[in-house]
Amino acid sequence: MQELIDFLSQYGYWGMTLSAFLAGSVFPFSSEAVLVALQLAGLEPWPLLLSATVGNAAGSMFNYGLGTLGRMEWIERYAHVKRERVARMQMWLQGRGAWVGALCFLPVFGSVLSVTLGLMRANPYITATAITAGKAVRYAIIIFVVSAI
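Just so you know, the residues in each chain are numbered from 1, in the order the chain's sequence is written. Two thresholds apply to this predicted model, a pLDDT of at least 70 for residue-level local features and 80 or more for giving and counting side-chain atom pairs, whereas whole-chain, interface and lining totals are computed over all residues. Hydrogen atoms and water are omitted, and side-chain values are computed over all heavy atoms in the structure.

The next point concerns the packing of helix H4 (residues 45-69) against helix H7 (residues 109-119). Two quantities define a packed helix pair, namely the angle between the helix axes and the distance between the axes. Relative to each other, H4 and H7 sit at 45°, their axes nearing to 6 Å. As summarised for this structure, H4 and H7 are arranged oblique, according to the angle between their axes. Both H4 and H7 take part in a crossing whose hand is right-handed. For the pair formed by H4 and H7, the contact residues are Ser60, Asn63, Tyr64, Gly67 and Thr68 on the first element and Ser111, Ser114, Val115, Leu117, Gly118 and Leu119 on the second. Here the axes come from fitting lines to C-alpha atoms, over the contacting stretch only for helices, and the angles between their N-to-C directions go from 0 to 180 degrees. For the purposes of this entry, the term helix denotes a DSSP run of H or I that reaches at least four residues, the term strand denotes a run of E that reaches at least two, and both are numbered from the N terminus. For classification purposes, an angle smaller than 35 degrees is called roughly parallel, one larger than 145 roughly antiparallel, one from 65 to 115 roughly perpendicular, and anything else oblique. A crossing counts as left-handed when the near helix is turned anticlockwise from the far one by less than a right angle, and as right-handed when that turn is clockwise. Note on contacts: a residue pair is in contact if any heavy atoms of the two residues lie within 4.5 Å.

Take a look at the structure:
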């Protein structure tokens, strides 16, 4: 894992975007480590925030897209999201709407949430807006904490 973080860190903002995409999708990865490494290496905070947010939101929308396919077999096989977790998430989401996508920044829960929002055909524009807002706030907090050190 450390080798991958080091590799992605060499590519600056593009590496940040790719690592954030991987972390936002169903692939297990920590974009926070790349973000911190790049910030400590001297990259500017605002472009880092933008590249991390765009990549991570795109990863979650990739999950949303998987969900819209509606093939639970594919979701279980390729996204490694269990049918039972999706069923529980669907029950929890009833009546809450696409704005709950702002919670997609949460580890593990966020991937299941974004897939389930796709399965439920939540409004893609509201979902994308909510997901992007949640991801931006999370990365902004990390950047602020690292800047304060």
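Grouped together as the largest cluster of nonpolar side chains are 19 residues, with contacts concentrated most on Ile75, Val81, Leu93, Leu113, Leu117 and Leu119. Elements with a contribution of two residues or more to this core: H4, helix H5 (72-78), helix H6 (83-93) and H7. Those residues within four positions of Leu93 in sequence are excluded, and the remaining contacts are Val100, Leu113, Thr116, Leu117 and Met120. Counting 14 residues, the second largest nonpolar core, distinct from the first, contains Met16, Ala20, Leu48 and Ile142. The criterion is simple. A nonpolar core is a set of buried Ala, Val, Leu, Ile, Met, Phe, Trp, Tyr and Cys residues joined through side-chain atoms within 4.5 Å. Three labels apply to residues, based on accessible area from a 1.4 Å probe with only protein chains included: buried if under 20% of the type maximum, exposed if over 50%, partly exposed otherwise in between.

In this scheme, patches are assembled from residues that exceed 30% relative accessible area and form no salt bridge. Like charges are connected within 9 Å, while nonpolar side chains (Val, Leu, Ile, Met, Phe, Trp, Tyr) are connected within 5 Å. The protein chains shown are the only cover counted for residues, whose accessible areas, like all others here, come from Shrake-Rupley with a 1.4 Å probe. Between Lys or Arg on one side and Asp or Glu on the other, a salt bridge is scored when a side-chain nitrogen of the former is within 4 Å of a carboxyl oxygen of the latter. A contiguous nonpolar surface patch, about 570 Å² in accessible area, is contributed by Val137, Ile141, Phe144, Val145 and Ile149. Assessed through its relative accessible area of 44%, Val145 is described here as partly exposed.

Turning next to the side chain of Thr53. With respect to the helices, strands and loops of the structure, Thr53 is situated in helix H4. Residue Thr53 is classed as buried on the basis of its relative accessible area of 7%.

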